[in-house]
Amino acid sequence: MSDFPRPRGPFRYGDRVQLTGPKARMHTITLREGGELHTHHGVLKHEQLIGHPDGSVFANSSGHEYLALRPLLRDFVMSMPRGAAIVYPKDAAAIVAQADIFPGAVVVEAGVGSGALSLSLLRAIGREGRLISFERRGEFAEVAKANVETFFGETPDTWQVVEGDLAEELPLAVAPGSVDRVVLDMLAPWEVMDAVADALAPGGVVICYVATATQLSRVAEYIRGTGGFTDPEANETMVRGWHVEGLAVRPDHRMVAHTGFLISARRLAPGVVPPEVKRRASKKSFSDEDVELWTPGAVGDREITDKNLRKRIREAQKGARGARIAAGREVDEDVEGASDASGAPGADA
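Residues numbered from 1 in each chain as written. Predicted model: local features only at pLDDT ≥ 70, side-chain atom pairs only at ≥ 80, totals over all residues. Heavy atoms only, no water.

1. Some remarks on the overall build of the chain
Put simply, the test is: What counts as a helix is a DSSP run of H or I of at least four residues, what counts as a strand is a run of E of at least two, and both are numbered from the N terminus. In what follows, residue pairs with any heavy atoms lying within 4.5 Å of each other are defined as contacts. The Shrake-Rupley method, run with a 1.4 Å probe, gives the accessible areas here. Residue values count only the displayed protein chains as cover.
Along the backbone of the chain there are 10 helices and 15 strands. Relative to all contacts within the chain whose residues are 6 or more apart in sequence, the contacts with residues 24 or more apart total 65%. By element, 51% of the accessible surface of the chain is carried by carbon and sulfur atoms, the whole surface being about 18,900 Å².

2. Quick notes on the sheet that holds strand β15 (residues 261-266)
The line we're drawing: Between any two strands, pairing holds if DSSP finds at least two bridges. Axis geometry follows a simple rule: fit a line to the C-alpha atoms, using only the stretch in contact for helices, then measure angles between N-to-C directions, giving values from 0 to 180 degrees.
With mixed pairing, the 7 strands of this open sheet are ordered in space as β9-β8-β7-β10-β11-β15-β12. In the strand order of this sheet, the two ends are held by β9 (159-163) and β12 (233-235), each with one partner. Strand-to-strand twist of the sheet, defined as the mean angle between neighbouring strand axes without regard to direction, takes the value 15°. Where strand β11 (residues 200-210) meets β15, 6 bridges bridge the pair, whose relative direction is antiparallel. Across the sheet, Ile207 pairs through a bridge with Ser264, a residue of β15. The strands that helix α3 (residues 116-125) touches are β7 (106-110), β8 (130-135), β9 and β10 (179-184); relative to β8, the one it contacts most, it runs at about 165°.

3. Focus on the pattern of salt bridges
Rules: Any carboxyl oxygen of Asp or Glu that lies within 4 Å of a side-chain nitrogen of Lys or Arg is treated as forming a salt bridge with it. Any residue under 20% of the maximum accessible area for its type is buried, any over 50% is exposed, and the rest in between are partly exposed; the area is computed with a 1.4 Å probe on protein chains only.
Within the structure shown, the criterion is met by 10 salt bridges. Of the charged contacts, one joins Lys90 and Asp91 as a salt bridge, the two residues approaching to 3.4 Å between their closest N and O atoms. For the residue pair Lys90 and Asp91, the accessibility class agrees, reading buried in each case. Here Arg137 ties to Glu139 by a salt bridge, and the two come within 3.8 Å at their closest N and O atoms.

4. Examining helix α4 (residues 138-152)
One turn of an α-helix holds 3.6 residues; hence residues three or four places apart share an orientation. Our working definition: Helix span, expected: 1.5 Å multiplied by one less than the number of residues in the helix.
Taking 1.5 Å of rise per residue, the 15 residues of α4 would be expected to cover 21 Å, and the 21 Å separating its terminal C-alpha atoms lies within 8% of that figure. In terms of burial, α4 is a largely internal element, 11 of the 15 residues being buried. What α4 keeps buried is the set Phe140, Ala141, Val143, Ala144, Ala146, Asn147, Val148, Glu149, Thr150, Phe151 and Phe152. For α4, the elements touching its buried residues are β1 (16-20), α1 (73-79), α3, β8, β9 and α9 (306-326). Where α4 ends, the next residue or the one after it, Gly153, has phi of about 90°, a positive value.

5. Regarding the packing of α3 against α4
In a packed pair of helices, the relevant descriptors are the angle between the two axes and the axis-to-axis distance. Note the following rule: Each angle receives one of four descriptions, namely roughly parallel if under 35 degrees, roughly antiparallel if over 145, roughly perpendicular if within 65 to 115, and oblique otherwise. In this scheme, a crossing is called left-handed if the near helix is turned counterclockwise away from the far one by less than a right angle; it is called right-handed if the turn is clockwise. Residues are grouped as follows: Ala, Val, Leu, Ile, Met, Phe, Trp, Tyr, Cys and Pro are nonpolar; Asp, Glu, Lys and Arg are charged; every other residue, Gly included, is polar.
Remark: α3 packs on α4, axes separated minimally by 10 Å, with the N-to-C direction vectors making an angle of 50°. As far as their axial angle goes, α4 and α3 are oblique. The two elements α3 and α4 meet at a crossing, and its hand is right-handed. Facing α3, whose interface residues are Ser118, Leu119, Leu122 and Arg123, α4 presents Val148, Phe151 and Phe152. Here the residues of the contact of α3 with α4 sort into 5 nonpolar, 1 polar and 1 charged.

6. A short note on the packing of aromatic side chains
Put simply, the rule is: Each aromatic pair joins two rings of Phe, Tyr and Trp (for Trp, the six-membered one) with centres within 6.5 Å, and gets the label stacked for planes under 30 degrees apart, edge-to-face for over 60, and tilted for any other angle. Note on criteria: charge over ring means Lys NZ or Arg CZ within 6 Å of the ring centre, with the direction from the centre no more than 35 degrees off the ring normal.
Summed over the entire model, instances satisfying the criterion amount to 2 aromatic pairs. On the numbers, 5.1 Å between centres and 50° between planes, the contact of Phe76 with Phe151 is tilted. One end of the pair, Phe76, is in helix α1; the other, Phe151, is in helix α4, and 75 residues separate them in sequence. Here Phe151 falls in the buried class, since its relative accessible area comes to 19%. Taken together, a centroid distance of 5.3 Å and an interplanar angle of 75° make the contact between Phe151 and Phe152 edge-to-face. Look at Phe152 and you get buried, because its relative accessible area is 5%. Taken together, Phe76, Phe151 and Phe152 form an aromatic cluster joined through their ring pairs. Across the ring face of Phe140, the terminal group of Arg137 is positioned such that the distance to the ring centre comes to 4.5 Å.

Right, dumping it as structure tokens:
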């Protein structure tokens, strides 16, 4: 893959643009020849934006003004089609920092979900790194691949998506001791920890994103029990916005609080026995029944229906097709057809 596209310069056809209009209502569009944004406030022609820089303001047919900006990665992630629940930007940022995802790193990810975390990891590893993402469900992998292509304009050649179980497929995909970082976003990360330990290089980092306290406890005890890692560290990230206007300074009424826990540890050299960590006595015993009581399904985390999932796949693939058209790798047959019929390109709502 060539350099990642630089999101700057004058607007051009094929760019994704975020338009913020009256009452802070936001619309995200892909600029197309003959395209138009239709709202109950009027019509804004895509051609009005071409050649103007980020941060410009445009008026539609009714005089309503819209601020035009290219969406940030966090904006794209929060609005992209989802097959599975996403890793929120606040947690993705913490994962990149705490796991020390660096340019050139070999990173393993499971599962890929809707591709939200994959986007942050791909940016962090740069052009010389390698990201191998494992996903059990082919439908989720389709959504993720389409979302990544939509954002970057192409599928990075630094990225490989493997459909299947990590414990079975990881030994076939990488050599022992060749992986720098492993990121696990799955229900039971302890089930794949032995395969992860074999794949990680000494000093490598494994970091797990789990939803419940019981999952957190179980993965921590399993990591300790292997004897092949440093003592795990756990935390969560909460973000509280603030209203700041003159002297009216107060916390927002709503905040993004608990989304999940992060727990990480580093791989020890083979055969090394870590120094004993002295800690107070605690209740360590638990059973599979205890864990099942607090899994996402048991506490009401709803599965996406097949019908909804097919819709998300179509939405994601539509975005990826738009990116291919913008890059000149595919012809927009809809526009060509409209031109042949009426002599002018068709409108894009």
